[in-house]
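One letter stands for each residue in the lines below.
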Amino acid sequence: MNTAGHSEATVRRGLELTPFRGLRYDPDRVGSLAAVTSPPYDVVVRPDGLHHLQDADPHNIVRLILPQAITPTARNEQAADTLRRWLSEGVLTTDPEPGLYVYEQRDGDGMLQRGIIGALRVSDPSEGVVLPHEDVMPHVVADRAALMRATSANLEPLLLTYRGNGSTSAAIEVVERVAAHPPLLATTTEDGFSHRLWSITDPADLARIQSDLARHQALIADGHHRWATYRRLRAEHASPSPWDYGLVLLVDTARYPLRVRAIHRLLHGLPVADALAALEGLFRIRHLPVPLPEALDALADAACAGNAFLLTGDGAFHLIDRPDPDLLARTIPADRPAAWRTLDATVLHSTLLDHVWHIPEDSPAHIAYIHDTAATVEKAERDGGTAVLMHPVREEVVRDLARQGVTMPRKSTSFGPKPASGLVLRALDL
């Protein structure tokens, strides 16, 4: 663990975002742009969601980011073959000149997010330029690395945030000026989000953005496994090479704050009754005969006072809170900051999973990480497992820990909205 800390003032070499020639769908060759997009690969967790996207259009991006075949090798070869075929058929075309891309998302509730997509220089955490805040699972990094090697492409951008000067920064000035013009593409996906994309190719505008970003560090909001994959692949290639850079979306949260949601856990093979029985005397347990929205409100209220979780899967909701202090003292490492020791995710992983339920956190056979709350509940009820619903952590806590070099337990947060996959790709051999 690195506790030396990383502040903006100590960053010697800031963010280096470079233009690239984007790969984009030809609107005339696909049913619609909305029909070929997808959420990020790790959000598409249920087979019904995957099949729905595959059926939406024969060229949906899930055929690249989540190829379906019997073995991992066959899956990756299939993705590479599909990408080559779409390029040869003109389904995907390369933009004529390198650029950065302004990306905008809006929803029906008035939320507006804009950021810049580009190829970011890959750096190690010790440099204090790109700060991770979660641990990663080695098997997921290996899976993503094999796919990127096979396709020689960054198929979807990571979501990174930085704290700029809001509307007064040079980068935001360029972003908002560019966004006043007609976009390269515009589409609305079935979740109600509208998406627009513009390219920035003017050398003066590119220089303004790069100079501005060079003074900042970024927090990985979504994409820890893919960033770890970028680092692994960079190490495999002699520098300089295209693998020195990886595709990202950078959002200035001083101007466009993100939403932070929780990622829930689904414990396979652990019935709710057994999970609750193991907690007797260790947590306060309250049974809530209310629907999901009210149960989540009760969780939010309890989380204001301390660690709290909502267990379900048996048709009811069970609020657990007020953990035994002696239990926490025995099970949570004492060599971390108090802000880390008191995280719900820390208590879940160090205390509940490790010591109470004895569930390995990195075993897909035992645990799944699901973003959608209703889907987590539904799957737990269908499979007879236990859903552990979490309350989200605040962005300031995440950023402060990351600057101290302290990573949170894996899958602790879900920042959003996440960029849609399929709007712009980066081929490393172009």
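See above for the structure.
Predicted model only: the values in this text are computed from it and were never measured. (Residues numbered from 1 in each chain as written. Predicted model: local features only at pLDDT ≥ 70, side-chain atom pairs only at ≥ 80, totals over all residues. Heavy atoms only, no water.)

1. Notes on the environment of E104
Here E104 shows up in strand β4 (residues 100-106). Taking the C-alpha atoms as reference points, E104 and R255, separated by 151 residues in sequence, lie 13 Å from one another. Within the structure, E104 has its side chain in polar contact with the side chain of R114 (distance 2.8 Å). (Helix = DSSP H or I, 4+ residues; strand = E, 2+ residues; numbered from the N terminus. Polar contact = N/O pair within 3.5 Å; in protein donor to acceptor, adjacent residues only side chain to side chain.)

2. A closer look at the sheet that holds strand β18 (residues 367-370)
What the 6 strands build is an open sheet, ordered β15-β17-β16-β19-β14-β18; its pairing is antiparallel. Two strands bound the open sheet, and with one partner strand each, they are β15 (284-288) and β18. Neighbour-to-neighbour, the strand axes of this sheet turn through a mean angle of 25°, independent of strand direction. For β15 and strand β17 (residues 317-321), the ladder comprises 5 bridges, and the chain directions are antiparallel. Note that in β17 the partner of L288 across the bridge is F317. Its contacts with the sheet place helix α10 (residues 292-303) against β15, β16 (308-312), β17 and β19 (386-389), and it is angled at close to 155° to β16. (Pairing = 2+ DSSP bridges. Axes fitted to C-alpha atoms, helices over the stretch in contact; angles between N-to-C directions. Contact = heavy atoms within 4.5 Å.)

3. A few points about helix α4 (residues 72-89)
Over its 18 residues, α4 extends 26 Å from the first C-alpha to the last, a length consistent with the 26 Å expected when each residue adds 1.5 Å. If you check which residues of α4 are buried, you get N76, A79, A80, T82, L83 and W86. One side of α4 holds all its buried residues, which, seen down the axis, span an arc of 160°. Exposed and oriented more than 90 degrees from the buried face of α4 are T73, R84 and S88. G90, located one to two residues past α4, shows a positive phi value of around 80°. (Expected span 1.5 Å × (residues − 1). Buried < 20%, exposed > 50% of the residue type's maximum accessible area, 1.4 Å probe, protein only. Arc of directions from axis to C-beta.)

4. Here's the deal with the pairing of strand β12 (residues 245-252)
Across the 8 residues that make up β12, a large majority, 7, are buried. As defined by bridge partners, strand β5 (residues 112-121) adjoins β12 across 6 bridges and the pair is classed as antiparallel. Of the residues in β12, the one forming a bridge with I117 is L249. Summarising the sheet, strand β8 (residues 158-162) and β12 pair through 5 bridges and their orientation is parallel. Pairing of T161 across the sheet is with V251, part of β12.

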